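Observations on chain architecture
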Amino acid sequence: MTTKERAYLKSLAMTMEPIFQVGKSSMTPGLTQAISEALEARELIKISVLKNCADDPRELAEIIAERTRSQIVQVIGKKIVLYREGKDNKKKIFNNR
(Lines give C-alpha, C1' and ligand atoms only; values in the text may rest on other atoms or scores of the structure.)
Protein backbone atom coordinates (compact mmCIF):
# COMPACT_ATOMS: atom_id res chain seq x y z
CA MET A 1 0.00 0.00 0.00
CA THR A 2 1.44 3.36 -1.00
CA THR A 3 1.40 6.41 1.26
CA LYS A 4 -1.15 8.08 -1.04
CA GLU A 5 -3.45 5.08 -0.82
CA ARG A 6 -3.07 4.97 2.96
CA ALA A 7 -3.85 8.69 3.22
CA TYR A 8 -6.95 8.22 1.06
CA LEU A 9 -8.16 5.31 3.22
CA LYS A 10 -7.54 7.34 6.38
CA SER A 11 -9.66 10.18 4.98
CA LEU A 12 -12.49 7.75 4.22
CA ALA A 13 -12.24 6.20 7.68
CA MET A 14 -12.51 9.56 9.46
CA THR A 15 -16.26 9.71 8.82
CA MET A 16 -16.92 6.02 9.50
CA GLU A 17 -18.43 4.64 12.68
CA PRO A 18 -16.87 1.51 14.22
CA ILE A 19 -18.84 -1.59 13.22
CA PHE A 20 -17.15 -3.95 15.71
CA GLN A 21 -16.16 -3.69 19.36
CA VAL A 22 -13.48 -5.78 21.03
CA GLY A 23 -14.25 -6.26 24.72
CA LYS A 24 -12.84 -8.23 27.62
CA SER A 25 -13.16 -11.56 25.82
CA SER A 26 -10.71 -10.11 23.26
CA MET A 27 -10.44 -11.96 19.95
CA THR A 28 -12.74 -14.94 19.55
CA PRO A 29 -12.97 -17.13 16.44
CA GLY A 30 -16.50 -15.82 15.85
CA LEU A 31 -15.35 -12.20 15.94
CA THR A 32 -12.47 -12.99 13.58
CA GLN A 33 -14.92 -14.60 11.13
CA ALA A 34 -17.34 -11.65 11.36
CA ILE A 35 -14.53 -9.14 10.73
CA SER A 36 -13.36 -11.17 7.74
CA GLU A 37 -16.89 -11.19 6.28
CA ALA A 38 -17.23 -7.44 6.84
CA LEU A 39 -13.92 -6.83 5.07
CA GLU A 40 -15.17 -8.92 2.15
CA ALA A 41 -18.33 -6.81 1.92
CA ARG A 42 -16.89 -3.35 2.64
CA GLU A 43 -13.09 -3.46 2.12
CA LEU A 44 -12.56 -0.77 4.79
CA ILE A 45 -13.76 -1.15 8.38
CA LYS A 46 -13.25 0.54 11.74
CA ILE A 47 -13.05 -1.39 15.01
CA SER A 48 -13.32 0.04 18.51
CA VAL A 49 -11.38 -1.48 21.42
CA LEU A 50 -13.37 -1.09 24.63
CA LYS A 51 -11.84 0.04 27.92
CA ASN A 52 -12.42 -3.36 29.53
CA CYS A 53 -10.16 -5.04 26.95
CA ALA A 54 -6.74 -5.62 28.49
CA ASP A 55 -4.95 -6.03 25.14
CA ASP A 56 -2.96 -3.28 23.45
CA PRO A 57 -4.87 -1.91 20.40
CA ARG A 58 -1.73 -2.00 18.20
CA GLU A 59 -1.08 -5.67 19.06
CA LEU A 60 -4.75 -6.49 18.53
CA ALA A 61 -4.65 -4.80 15.12
CA GLU A 62 -1.66 -6.92 14.11
CA ILE A 63 -3.38 -10.12 15.26
CA ILE A 64 -6.64 -9.27 13.46
CA ALA A 65 -4.80 -8.24 10.28
CA GLU A 66 -2.84 -11.50 10.27
CA ARG A 67 -5.92 -13.66 10.86
CA THR A 68 -8.08 -11.85 8.27
CA ARG A 69 -5.26 -11.29 5.73
CA SER A 70 -5.93 -7.55 5.80
CA GLN A 71 -3.75 -4.45 6.13
CA ILE A 72 -3.65 -2.02 9.03
CA VAL A 73 -4.46 1.47 7.79
CA GLN A 74 -4.10 3.12 11.18
CA VAL A 75 -4.45 2.68 14.92
CA ILE A 76 -5.40 5.82 16.82
CA GLY A 77 -6.09 5.48 20.50
CA LYS A 78 -8.56 2.61 20.79
CA LYS A 79 -9.70 2.71 17.15
CA ILE A 80 -8.38 0.32 14.49
CA VAL A 81 -8.89 0.79 10.75
CA LEU A 82 -8.36 -2.22 8.47
CA TYR A 83 -8.41 -2.65 4.69
CA ARG A 84 -8.59 -5.72 2.48
CA GLU A 85 -9.11 -5.53 -1.25
CA GLY A 86 -12.39 -7.15 -2.25
CA LYS A 87 -13.10 -9.43 -5.16
CA ASP A 88 -16.18 -7.56 -6.45
CA ASN A 89 -15.03 -4.90 -8.94
CA LYS A 90 -18.21 -2.83 -8.48
CA LYS A 91 -17.53 -2.26 -4.77
CA LYS A 92 -13.79 -1.57 -4.97
CA ILE A 93 -12.43 1.54 -3.27
CA PHE A 94 -9.53 1.68 -5.72
CA ASN A 95 -10.93 1.14 -9.22
CA ASN A 96 -7.67 1.96 -11.00
CA ARG A 97 -5.94 -1.38 -10.21
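Below you will find a few notes about this structure.

Cut-offs applied
- Residues numbered from 1 in each chain as written.
- Predicted model: local features only at pLDDT ≥ 70, side-chain atom pairs only at ≥ 80, totals over all residues.
- Heavy atoms only, no water.
- Core = buried A, V, L, I, M, F, W, Y, C linked by side-chain atoms within 4.5 Å.
- Buried < 20%, exposed > 50% of the residue type's maximum accessible area, 1.4 Å probe, protein only.
- Helix = DSSP H or I, 4+ residues; strand = E, 2+ residues; numbered from the N terminus.
- Contact = heavy atoms within 4.5 Å.
- Salt bridge = Lys/Arg side-chain N within 4 Å of Asp/Glu carboxyl O.
- Pairing = 2+ DSSP bridges.
- Axes fitted to C-alpha atoms, helices over the stretch in contact; angles between N-to-C directions.

Re the nonpolar core
Membership of the largest hydrophobic core comes to 18 residues, with the highest contact counts inside it found for Ile35, Ile45, Ile47 and Leu82. Broken down by secondary-structure element, the contributors of at least two residues to this core are β1 (20-22), α2 (29-42), β2 (44-49), α3 (57-68) and β4 (79-83). Every residue in contact with Ile47, bar those within four places of it in the chain, is listed here: Pro18, Phe20, Val22, Ile35, Ile64, Lys78, Lys79, Ile80 and Leu82. Judged by nonpolar contacts, the second largest core, of 8 residues, contains Leu9, Ala13, Leu44 and Val73.

Focus on unusual backbone geometry
Look at Ser26: it is not a glycine, yet its phi comes out positive at around 60°. Turning to its location among the elements, Ser26 is positioned in the loop between β1 and α2. Ser26 sits in the buried class, given a relative accessible area of 16%. Positive phi, normally seen in glycine, also occurs at Glu43, with a value near 75°. Topologically, Glu43 is positioned in the loop between α2 and β2. Glu43 sits in the buried class, given a relative accessible area of 2%.

Focus on the pattern of salt bridges
Under the counting rule described, the total for this entry stands at 1 salt bridge. Glu40 is paired through a salt bridge with Arg84; the nearest N and O atoms lie 3.5 Å apart. Here Arg84 lies in the segment after β4 and Glu40 lies in helix α2, a separation of 44 residues in the sequence.

Points about the sheet that holds β4
Read from one edge of the open sheet, 4 strands run β1-β2-β4-β3, paired in mixed fashion. Across the chains shown, the open sheet's two edge strands, defined by having one partner strand only, are β1 and β3 (71-76). Going from strand to strand, the sheet's axes swing by 25° on average, the running direction of each strand aside. Relative to β4, β3 runs antiparallel, the two sharing 5 bridges. Bridge pairing links Ile76 to Lys79 in β4.

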